[in-house]
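Below, each chain spelled out in residue letters.
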Amino acid sequence: MKFAVIVFPGSNCDVDMLHAVKDELGAEAEYVWHDESNLDRFDGILLPGGFSYGDYLRTGAIAQFSNVMDEVKKAAEAGKPVLGVCNGFQILLETGLLPGAMRRNKSLKFICKPETLQVVNAETMFSSAYEQGEEITIPIAHGEGNYYCDEDTLKQLEEEKRIIFRYKNNPNGSISDIAGILNEKGNVLGMMPHPERAVSDLLGSADGLKLFQSIVKSWRENHVLSS
């Protein structure tokens, strides 16, 4: 399985993401600049954190117009796994690949610390390596991580089991303690916590590695074992 790590001007978690996938997971991955016009050679797409385009106008607002985002949309429509972390999640919201919006943290302060998450749905391509209800430790680092959606959208997310992760102790004010959500097809995940920064005990937690292992497991079941 080969991953694309999308790099925008202002991305700063792309190195962490590539390290997690290549060195810890043992999969193929390469950096892809924001002006790329073809992602067909990749099996999975990773949108890392950072401050794309300096977060001008609004987090992710400018990045959504990058050439590569048309290709990300095509990959999502084709059923390929797409993971957006932190700023990557914000970009997915701006492009409409995921519902809702991101607001300033309730405290109006940048928060950078490990957080305990609960695995709400362990039956997805991103979470199958976890146990249902498992508590995991994943770090956060954001100033605009307060996820919001209207009541109808929240009801839909809950009824369709598209909320994968919730905060145990909500650090930013996100509605319903939401830390990560899926699209309707189940192949696009946006989350504010950084799983790529929790792939080794040396980093304080290896809980994030299971997310990447889940992606590879799902891909192999659909492309290797079935062929």
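Here the structure is a predicted model, which is why all the values come from computation and not from measurement.

S.K.: What should I look at first to understand the sheet that holds strand β11 (residues 188-191) in this one?
M.R.: Backbone-to-backbone hydrogen bonds pair the strands of a sheet. The strands run either parallel or antiparallel. Reading across the sheet, the 9 strands line up as β2-β1-β3-β4-β11-β10-β9-β6-β7 and stay open at both edges, with mixed pairing between neighbours. Of all the strands in the sheet, just β2 (28-33) and β7 (135-142) have a single pairing partner and so form its edges. Mean inter-strand twist for the sheet, computed between neighbouring axes without regard to direction, equals 25°.

S.K.: Hey, could you run me through the pattern of salt bridges in this one?
M.R.: Summed over all chains, the structure comprises 13 salt bridges. Put simply, Lys-74 and Glu-71 hold a salt bridge, and the shortest N to O gap is 3.1 Å. Note that Lys-74 and Glu-71 are positioned in helix α2 (residues 67-77) at a spacing of 3 residues, about one turn of the helix. Accessibility expressed as a relative area gives 8% for Glu-71, which makes it buried. The partner of Glu-144 in a salt bridge is Arg-104, and the shortest N-O contact between them spans 3.8 Å. One end of the pair, Glu-144, is in the loop between β7 and β8 (146-148); the other, Arg-104, is in the loop between β5 (101-103) and β6 (111-119), and 40 residues separate them in sequence. Salt bridges sharing partners connect three or more residues here, namely Lys-2, Glu-30, Glu-36 and Arg-41.

S.K.: So what exactly am I meant to see when it comes to the UniProt feature "active site" (unreviewed entry) in the protein here?
M.R.: Here, UniProt's "active site" (unreviewed entry) annotation points to Cys-86, His-194 and Glu-196. Across 111 residues of sequence, these annotated residues stay compact in space, with a maximum C-alpha separation of 11.0 Å. Examined against the element boundaries, His-194 turns out to sit in the loop between β11 and α5 (209-223). Taking the relative accessible area as the measure of exposure, His-194 reaches 1% and is therefore buried. Beyond its immediate chain neighbours, meaning those up to four positions away, His-194 contacts Cys-13, Gly-49, Val-85, Cys-86, Ile-138, Pro-139, Ile-140 and Ala-141. Note on placement: Glu-196 falls in the loop between β11 and α5. In contact with Glu-196, not counting residues within four places along its chain, are Cys-13, Asp-16, Met-17, Ala-20, Val-85 and Phe-212.

S.K.: Is there a simple way to think about helix α3 (residues 87-95) in this case?
M.R.: Because each turn of an α-helix spans 3.6 residues, side chains separated by three or four positions end up pointing in the same direction. With 8 of its 9 residues buried, α3 lies for the most part within the structure. If you check which residues of α3 are buried, you get Asn-87, Gly-88, Phe-89, Gln-90, Ile-91, Leu-92, Leu-93 and Thr-95. Where α3 terminates, the next one or two residues include Gly-96, which has phi positive at roughly 85°.

Scoring rules and cut-offs
- Residues numbered from 1 in each chain as written.
- Predicted model: local features only at pLDDT ≥ 70, side-chain atom pairs only at ≥ 80, totals over all residues.
- Heavy atoms only, no water.
- Pairing = 2+ DSSP bridges.
- Helix = DSSP H or I, 4+ residues; strand = E, 2+ residues; numbered from the N terminus.
- Axes fitted to C-alpha atoms, helices over the stretch in contact; angles between N-to-C directions.
- Salt bridge = Lys/Arg side-chain N within 4 Å of Asp/Glu carboxyl O.
- Buried < 20%, exposed > 50% of the residue type's maximum accessible area, 1.4 Å probe, protein only.
- UniProt positions renumbered as here; feature names shortened; annotations may be inferred.
- Contact = heavy atoms within 4.5 Å.

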